[in-house]
There are 2 protein chains.
Amino acid sequence: MSKLPEDLPECMVFLLGKAYQKAHGNFKKQLKNYGLTNMQHLVLEGLWYDEGMTAAELCKLLIMDKATASGILERMVDTGWIIKKPDPDDGRIQKLYTSKKANQMKEKLIDERKKANKHILKKFTLEEQLLLKRLLRDLI
Amino acid sequence: MSKLPEDLPECMVFLLGKAYQKAHGNFKKQLKNYGLTNMQHLVLEGLWYDEGMTAAELCKLLIMDKATASGILERMVDTGWIIKKPDPDDGRIQKLYTSKKANQMKEKLIDERKKANKHILKKFTLEEQLLLKRLLRDLI
DNA sequence: GATTAATAGTTCGTATACAAAGGATTATTA
DNA sequence: TAATAATCCTTTGTATACGAACTATTAATC
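Here goes a summary of the coordinates provided. What you see is a predicted model; the values in this text were computed from it and never measured. (Residues numbered from 1 in each chain as written. Chains lettered and ligands numbered in written order. Predicted model: local features only at pLDDT ≥ 70, side-chain atom pairs only at ≥ 80, totals over all residues. Heavy atoms only, no water.)

Around DNA strand D, the surrounding shell holds 24 residues, and the nearest of these are Thr37 and Gly91 of chain A together with Ala56, Ser70 and Lys84 of chain B. Between a phosphate oxygen of DNA strand D and a main-chain N or O atom of Ala56 of chain B, the distance comes to 2.8 Å. Note that a base nitrogen of DNA strand D is positioned 3.1 Å from one of the side-chain N or O atoms of Lys66 of chain B. Looking at the surface near DNA strand D, the elements with two or more residues in it are helix H2 (38-49), helix H4 (66-78) and strand E2 (90-98) of chain A together with helix H1 (12-32), helix H3 (55-62), helix H4 (66-78) and strand E2 (90-98) of chain B. Residue contributions to the surface near DNA strand D peak at four residues, all from H4 of chain A. (Near = heavy atom within 4 Å. Polar contact = N/O pair within 3.5 Å; in protein donor to acceptor, adjacent residues only side chain to side chain. Helix = DSSP H or I, 4+ residues; strand = E, 2+ residues; numbered from the N terminus.)

Tallying the contact residues gives 52 residues for chain A and 52 residues for chain B. Between chain A and chain B the total buried area reaches about 5000 Å² when both faces are included, carbon and sulfur atoms providing 73% of it. For the interface between chain A and chain B, the tally reads four salt bridges. With a shortest N-O distance of 2.8 Å, Arg134 of chain B and Glu128 of chain A are connected by a salt bridge. Scanning the region where chain A abuts chain B turns up 16 residue pairs in polar contact (both at pLDDT 80 or more). Of all the secondary-structure elements, those providing two or more residues to the side of chain A that touches chain B are helix H1 (12-32), H2, helix H3 (55-62), helix H6 (106-121) and helix H7 (126-139) of chain A. A per-element tally of the side of chain A that touches chain B places H1 of chain A first, with 14 residues. Along the lines of polarity and charge, the residues of the side of chain A that touches chain B split into 31 nonpolar, seven polar and 14 charged. (Contact = heavy atoms within 4.5 Å. Buried area = accessible area lost by both parts, 1.4 Å probe. Salt bridge = Lys/Arg side-chain N within 4 Å of Asp/Glu carboxyl O. Nonpolar A, V, L, I, M, F, W, Y, C, P; charged D, E, K, R; others polar.)

All right, on to the protein's contact with DNA strand C then. Around DNA strand C sit 24 residues in total, of which Ala56, Ser70 and Lys84 of chain A together with Thr37 and Gly91 of chain B are the nearest. Taking the atoms of DNA strand C that fall within 4 Å of the protein, sugar and phosphate contribute 76% of them. Arg92 of chain A places a polar side-chain atom, nitrogen or oxygen, 2.9 Å from a base oxygen of DNA strand C. Taking Gln40 of chain B, its side chain carries an N or O atom lying 3.0 Å from a phosphate oxygen of DNA strand C. Counting residues per element, the ones that place at least two in the surface near DNA strand C are H1, H3, H4 and E2 of chain A together with helix H2 (38-49), H4 and E2 of chain B. Ranked by the residues each element gives to the surface near DNA strand C, the list is headed by H4 of chain B, at four residues. A breakdown of the residues in the surface near DNA strand C according to their chemical character gives eight nonpolar, eight polar and eight charged.

The values are spatial; any link to function lies outside them.
Spelled out as C-alpha cells, the structure:
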C-alpha cells in the first residue's frame, strides 16, 4: 500500500518546489506592478552588483542556464531594462548594463525584494530564519 | 551601493528556487529512464493513494494549478500512464486511474523517489532533516 | 599556421507554471 | 422554472527551465 499525504511532506523535491511556488507567487504579484519577473529582477540586482558582466558570468552568479538566460535577457532588452554592448576584444561576448529606466527604480526595486523576504520569514523566529537559510544554502 | 553575493543568500525566493532546481535536477535525470517527469510521478503517487480522483481533487492534493494539470494529464494519457473515465453522474468530471503500465512499475517508481530524497538529505543530521522539513512545511 | 578544442550565445523542442478567458455542466436561488 | 452562480476542465498567451544541437569566435596544440 502506498501512502501519500504522509509521504508527500517527506519528499524534499515536493516540499522545496511548493515552498518556492508559494514564496515566488507573492513576490511575482508585487513585481507585476513594475512589469518585471523575479528572474528579471535578479538580473538587475546582478548587474547592479557588477555592471558590464557577460551573460555567462551572470549565469554563474544567478545559477541560471545559458539557454534560459538568453530569452530573459532578450525580453529585458526589448522592454528597456538592460542594454547589450558588444565587446571589441571578444566577438563572442556581449556585456550587459542596466538602463536608465532600471536605475531610476533601483531603490524601490531593491526594497521590494527585502519586503518580500521579510514577509516570507515573518512566521519564524530569528533562529529559525538563520537555520533555514543555512540549510537551504547547503542544498545548493 | 547594492550588494548581491551577500544579499542573494538572504533572499528566500532565490534560495528556495535554487534549492528546488538542484534537488529537482537530480531526480529528473533518474526519472528520465522511465519517461516520466517529477510532476507526472507525483500524479501517479497521488492516484495510487486515491484511485479515481478528479483533476480538481488531484490539484488540491498536489498544490497544482488546474491549467498546469490539464497539460500534464493529457500527456500522461498520451503516453499511457493514466486513464480518464467520464463520470456518468457529472458531465464536467473525468475520473483518473493509473494504467497497467504504471502499476507494473509502482514499486520501482516509489523507490526512486525515496532514493532521491535520501540523496538530497544525506548531508544533514537527522535533526536537521526534520527541522528543514518542518520549516518548509510551514512555508507552504 | 592549420587543426582541434573550448567558450559564448542562440535556437529548438518539451515540460512546467499560471493568469485569464471560454465552454460545458451542475447547483442555487429568486 | 428561468436566471444566476458555481464548478470542472480546456485553451491561450507569456515566462521560466533545460537538454541538445548549432554558429561564431577565440584559445590551445601539434
